[in-house]
Amino acid sequence: MSKATISLETLSCPSCLQKIEAAVKGVNGVDAESVKVMFNSSKVKLDFNADVAPIETIEKAIEKMGYPVIKSKVKSA
Amino acid sequence: MQIKILRQKNRITWMSGILIVIGFIAHFGFNNVTIFNTTFIIASILGVAPIAIQAYQALKVKVVSIDVLVTIAVIGAFLIQNYEESAIVTFLFLFGGYLEQRTLNQTRSAIKELTEIAPESALKQIEDGEFEEVDVDDVDEGDILLVKTGAKVPVDGTVLTGEGHINEASITGESEPVSKREGTNVFAGTILENGTIQIRADRVGEDTTFGKIIELVEEAQDSKSEAERFIDRFSKWYTPAVLVLAFIVWLFSRNTELAITVLVLGCPGALVIGVPVSNVAGIGNGARNGVLLKGSEVIHDFSRVDTILFDKTGTLTVGNPEVAEKAYYGSNIDEVLGYLASVERESDHPLAKAVLKDIGETTFSTVEDTEVVKGGGIVATVNGHRIAIGNVALMEQENVTLNEQAEADIWAFEKNGNSLVLTAVDGKLKVLMGIRDQIRPGVKKDLQALKRLGVKNLIVLSGDNQGTVDLVSKELGLTEAHGHMLPEDKAAYLQKLQAKGQIVAFVGDGVNDSPSLALADIGIAMGSGTDVAIETSDVVLMNSDMSRLPHALGLTKSTARNMLQNIVIAVGVVIILLASVFFSDWMNMSIGMLVHEASILVVIFNGMRLLRYRLRGHNVNSDSVN
């Protein structure tokens, strides 16, 4: 399991949280329990299996919802 | 394609705004309905595109978002050929979103300032011994790093070579530079003001003290209180409910106009954004002023505190005892002071340091046969004399007789709150010293400010003797004072108060008092941001400055109030809007959207006031974390 912190452009509507959360949870290989979308810091924190879902796939899922990703930090555990 | 449209959202907003203006000019200036309709149709289609895409994305993950409500409303307006409504509503929605983002950035600015202090690069030693600039994420524990004058220390580490002065304000709040040399520890985020040092990385990234502070603040601003979680659950069902309501209205009235107006008016915007905005602004203000608040639950509890317990050492007093009073008996005092200093020089007891400082320059002699008497003091031999240094109990044990004068002095010194150090040479009392801790400057004013903020009980709990504690208490105007307390006694006392229904905050240094800090409704750690303090407490005062405490309390009270105001505004607006659509005839989609977006901006601006919060009539020392 790897840990990722994905920084997004400023989130302004709290309903974005639900959308991003659902989108990230929908990616195969992401530990759904661990997904945490932080509204004020505009970040997503999650645990995922990098072999099943490379970070790019997760970023793409978020960008497809209309929220540009600024950068991702991945820490393999 | 979809992403492209979303990226162009701001441009689309401006374009549809301009089209609407052109349309109005054509309509009212030149009475040209064709241009009016054309521009409004284009503006509607243009404007609804990004909203519809977001609505579609949301539905795909089974979320009924505000976008969904707005999209349906706009399409509905379009179908009944009310192009004016559809254009204006989409424009207001987009423009409102743009303003929200801008203003939200403002409320978050204080915390952003803090995270931006984080170091980004480091000079790392590579194989050939040279140093190369790398991203701070690429530094591992054990790496050798070079820090030059003016640069930020990138990690927590140990100085290997070189020396210099470091400004540690970002960690301790103390702006006075600290001298660093071989073997001393340095912290990430601090600034090397002069000199050049090489360090070994001990802790990197989020494990550094500064990393932990940032993580704490970031988690705090997004932490949710019970009320907020309720609002979240509520809004998850609220939006679909509005959709159903609009459908029911349409079923019974067959009035599309009315149904889509309900859709727009029902948007929950201000409700879901109101509380997080107050929260982030309040925590941001704290972070800027050296007060770390761990989340909105903490804000809620702290704002209701009625009892504050202080651990005396290091909070109310300087924590640096000094000789305040002394008395000499008999002759050869200079010689005796020399003996006293020689013995005390070998002790690391805090009272010994105070004694040495008071004696100053003297002739030192060789000390032999030193024996530490537990709970009493020290007995040693100097130049063939038997020297006993300690408290009254030690004197009794040594069979030193205390004459009437000495008895009177001892009584007076103790009454003044001193700890006593007696010195006897060959069984005769020679020197009596009264040592006490100084009260921190400004503490009295700070405590009065706390009382004005509504704290009823200010209680000191201390391990010192009752006389000392009483004196501090009297001087500061505390409500109660208890001495001779061990850490477990303090914890028990705290629980007793809680059982009586009081909301108790405990102020400690975060090292000896972890049990009490953890047990208290609000644990407040004073002093530098040590790991223990950060982990066990709810509020961290970044330096040992008591003036932060009234600011922290006032801030949490204001923030809690601010949240309540925002909830009232948000709920009130929705109720008024929905009521007026059914009971008045002036309400329409555009006005509804305007009021709705305005209410969002109102709660954001209301939250923003917290960024400028200052306790009235109270000056916080200016050297905050900046």
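1. Considering the sheet that holds strand β18 (residues 504-508) of chain B
Residues and elements named next belong to chain B.
Next, step 1: Here we have seven strands laid out as an open sheet, ordered β8-β20-β19-β18-β9-β16-β17, and mixed in their pairing. In this open sheet, the two strands that pair with only one neighbour each are β8 (291-293) and β17 (480-482). Ignoring strand direction, the axes of neighbouring strands in this sheet form an average angle of 15°.
Next, step 2: In terms of strand pairing, strand β9 (residues 307-311) meets strand β16 (residues 457-461) through five bridges, oriented parallel. Bridge pairing links Ile308 to Leu458 in β16.
Next, step 3: Sheet strands in contact with helix α18 (residues 466-476) are β16 and β17, and its direction is about 160° off that of β17.

2. A few points about the confidence of the model for chain A
Next, step 1: Across chain A, pLDDT averages 83, with 95% of residues at or above 70.
Next, step 2: Helix α1 (residues 14-25) of chain A is the least confidently modelled element of chain A, averaging 80 in pLDDT, while strand β3 (residues 43-48) of chain A averages 89, the highest of any element.

3. Describing the nonpolar core
Next, step 1: Judged by nonpolar contacts, the single largest core of 53 residues is most densely connected at Phe302, Phe310, Leu316 and Leu447 of chain B.
Next, step 2: Ignoring anything within four residues of it in the chain, the contact list for Leu447 of chain B reads Phe310, Leu316, Leu458, Leu476, Leu478 and Met546 of chain B.
Next, step 3: Counting residues in hydrophobic clusters, the runner-up holds 43 residues, among them Cys16 and Ala23 of chain A together with Ile231 and Leu610 of chain B.

4. Considering the sheet that holds strand β11 (residues 367-373) of chain B
All names here are of chain B.
Next, step 1: Taken together, six strands build an open sheet; the order of strands is β10-β15-β14-β13-β12-β11 and the sheet is antiparallel. Two strands in the sheet have a free side with no partner beyond their single neighbour: β10 (322-328) and β11. Averaged over all adjacent pairs, the angle separating strand axes in this sheet is 15°, with direction ignored.
Next, step 2: Both strand β12 (residues 377-382) and strand β13 (residues 385-390) contribute to a ladder of six bridges, which runs antiparallel. Note that in β13 the partner of Ile378 across the bridge is Ile389.
Next, step 3: Docked against the sheet, helix α13 (residues 333-344) engages β10, β11, β12, β13, β14 (419-425) and β15 (428-436), running at close to 60° with respect to β15.

5. Looking at the confidence of the model for chain B
Residue and element names in this part refer to chain B.
Next, step 1: Across chain B, pLDDT averages 83, with 93% of residues at or above 70.
Next, step 2: Scored below 50 in pLDDT, residues 620-626 makes 21 contacts in the model with residues more than four places away or belonging to other chains.
Next, step 3: Prediction confidence for the complex, expressed as pTM and ipTM, is 0.72 and 0.76 respectively.

6. Thoughts on the interface of chain A and chain B
Next, step 1: Residue-level contacts link 25 residues of chain A with 32 residues of chain B.
Next, step 2: Surface buried jointly by chain A and chain B totals about 2,500 Å² across both partners, of which 49% is contributed by carbon and sulfur atoms.
Next, step 3: Here Asp137 of chain B and Lys73 of chain A are joined by a salt bridge, their closest N and O atoms 3.6 Å apart.
Next, step 4: Where chain A meets chain B, there are two residue pairs in polar contact (both at pLDDT 80 or more).
Next, step 5: At the level of elements, α1, β2 (36-38), β3, α2 (55-64) and β4 (69-76) of chain A are the ones that each hand at least two residues to the side of chain A that touches chain B.

7. Brief notes about the packing of helix α22 (residues 548-583) of chain B against helix α23 (residues 589-608) of chain B
Residue and element names in this part refer to chain B.
Next, step 1: In contact at an axis separation of 10 Å, α22 and α23 are set at 175° when each is read in the N-to-C sense. As far as their axial angle goes, α23 and α22 are roughly antiparallel. In contact with Asn562, Gln565, Asn566, Ile569, Val573 and Leu577 of α22, α23 contributes Gly592, Val595, His596, Ser599, Val602, Val603, Asn606 and Gly607.
Next, step 2: Taken together, the residues of the contact of α22 with α23 sort by class into six nonpolar, eight polar and no charged.

8. Quick look at the pattern of salt bridges
Residues and elements named next belong to chain B.
Next, step 1: Counted by the stated rule, this structure contains 14 salt bridges over all chains.
Next, step 2: A salt bridge links Lys326 to Asp358, with the shortest nitrogen-to-oxygen separation between them at 2.6 Å. With Lys326 in strand β10 and Asp358 in helix α14 (residues 350-359), this residue pair connects regions lying 32 residues apart in the sequence.
Next, step 3: When its relative accessible area of 40% is taken as the criterion, Lys326 is described as partly exposed.
Next, step 4: With a relative accessible area of 28%, Asp358 lands in the partly exposed category.

Conventions and cut-offs
- Residues numbered from 1 in each chain as written.
- Chains lettered and ligands numbered in written order.
- Predicted model: local features only at pLDDT ≥ 70, side-chain atom pairs only at ≥ 80, totals over all residues.
- Heavy atoms only, no water.
- Pairing = 2+ DSSP bridges.
- Helix = DSSP H or I, 4+ residues; strand = E, 2+ residues; numbered from the N terminus.
- Axes fitted to C-alpha atoms, helices over the stretch in contact; angles between N-to-C directions.
- Contact = heavy atoms within 4.5 Å.
- pLDDT = per-residue confidence, 0-100.
- Core = buried A, V, L, I, M, F, W, Y, C linked by side-chain atoms within 4.5 Å.
- Buried < 20%, exposed > 50% of the residue type's maximum accessible area, 1.4 Å probe, protein only.
- Buried area = accessible area lost by both parts, 1.4 Å probe.
- Salt bridge = Lys/Arg side-chain N within 4 Å of Asp/Glu carboxyl O.
- Polar contact = N/O pair within 3.5 Å; in protein donor to acceptor, adjacent residues only side chain to side chain.
- Parallel < 35°, antiparallel > 145°, perpendicular 65-115°, else oblique.
- Nonpolar A, V, L, I, M, F, W, Y, C, P; charged D, E, K, R; others polar.

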